[in-house]
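# Architecture and fold: a report
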Amino acid sequence: RDGRTLDVWLTLTRVNDAAGTPVALSTTERDITASKRAREELRELNESLEQHITERTAELQRREQEFHTLADNVPALFSYLDADQRYRYVNHRYEEHWKRPMAEIIGRTAEELLGPAGYSVARPHIEAVLSGRPVTYEAEFEYADAPRSMQVRYVPDIDATGRVQGFFALVNDITEIKQAEAEIREREQRLRIILETAPDVIITIGAHGEIIAFNRA
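What this report covers is the structure whose coordinates are included nearby.

Definitions and limits used
- Residues numbered from 1 in each chain as written.
- Predicted model: local features only at pLDDT ≥ 70, side-chain atom pairs only at ≥ 80, totals over all residues.
- Heavy atoms only, no water.
- Helix = DSSP H or I, 4+ residues; strand = E, 2+ residues; numbered from the N terminus.
- Contact = heavy atoms within 4.5 Å.
- Phe/Tyr/Trp six-rings, centres within 6.5 Å; stacked < 30°, edge-to-face > 60°.
- Buried < 20%, exposed > 50% of the residue type's maximum accessible area, 1.4 Å probe, protein only.
- Pairing = 2+ DSSP bridges.
- Axes fitted to C-alpha atoms, helices over the stretch in contact; angles between N-to-C directions.

## Here's the deal with the environment of Ala-122
Mapped onto the elements of the fold, Ala-122 is located in helix α3 (residues 110-129). Along the chain, Ala-122 and Glu-138 lie 16 residues apart, while their C-alpha atoms are 10.0 Å from each other. Dropping the residues within four chain positions of it, Ala-122 is found in contact with Leu-114, Tyr-137 and Tyr-154.

What follows is the structure in structure tokens.
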């Protein structure tokens, strides 16, 4: 009546006389405009939601790929362990370091991978990071080929509620650095012995003419 177009549900019913002969049709109309509009809006909403999910999934996959690319190029052992201390992610350097495929590392606990001796060293630091505190320490771990000096950094993964879900681990092999430091100390000790036992006076003078060291001769 007001010029609008309506969507209606039309029902036709046959009307029979006393003898059963059809004599008329009865019609019933029901306005379904609002219902149809609601279904259309729901369909559009679902399509929009599906599109958003698709885009979000693609974005997460892209970020995950970027993360893996970055992690695999870090010049150190990089991993993620959950709150149960199980490895959920390790970079390719773990394969090189442990001489086993990544599939044999993922899912293992820290104790299973490090062994009883190694885990006894790492355990107090793991417990500390799982309490929510970042941890850095240096320690020597026994491996199949030889003991190695490692610098370890643990960073907690804390969710929006403040719960620690796990932690990231960055482990650097500093064996060569420690060996070089030990060699320097050994050379310095030898020089001190030579200075202290030499019969003649020995004076060490710096680049600016200052006396750095001398013996007691």
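## So, the packing of aromatic side chains
Any pair of aromatic rings gets described here by the distance separating the centres and the angle formed by the planes. Under the counting rule described, the total for this entry stands at 6 aromatic pairs. On the numbers, 6.5 Å between centres and 65° between planes, the contact of Phe-78 with Tyr-89 is edge-to-face. Placement of the pair is Phe-78 in strand β3 (residues 77-82) and Tyr-89 in strand β4 (residues 87-90), with a sequence separation of 11 residues. Per residue, the accessibility class of Phe-78 equals that of Tyr-89, and both read buried. An aromatic cluster is present here, built from Phe-78, Tyr-80, Tyr-89 and Phe-168 joined pairwise through their rings.

## Things to note about unusual backbone geometry
The phi angle at Gln-85 is positive, at roughly 70°, despite the residue not being glycine. Tracing the chain through its elements places Gln-85 in the loop between β3 and β4. Gln-85 sits in the buried class, given a relative accessible area of 15%. In this model, Lys-99 sits at a positive phi of 55°, which is unusual for a non-glycine residue. Its place among the elements puts Lys-99 in the loop between α2 (92-98) and α3. With a relative accessible area of 67%, Lys-99 lands in the exposed category.

## Let's talk about the sheet that holds strand β5 (residues 135-142)
Taking strand neighbours across the sheet as the criterion, the 5 strands line up as β4-β3-β7-β6-β5 in an open arrangement whose pairing is antiparallel. The open sheet has two edge strands with one neighbour each: β4 and β5. For this sheet, the mean angle separating the axes of adjacent strands, direction not counted, is 25°. In the packing of α3 onto the sheet, the strands contacted are β3, β4, β5, β6 (147-158) and β7 (164-173), and the crossing angle to β5 comes to about 160°.

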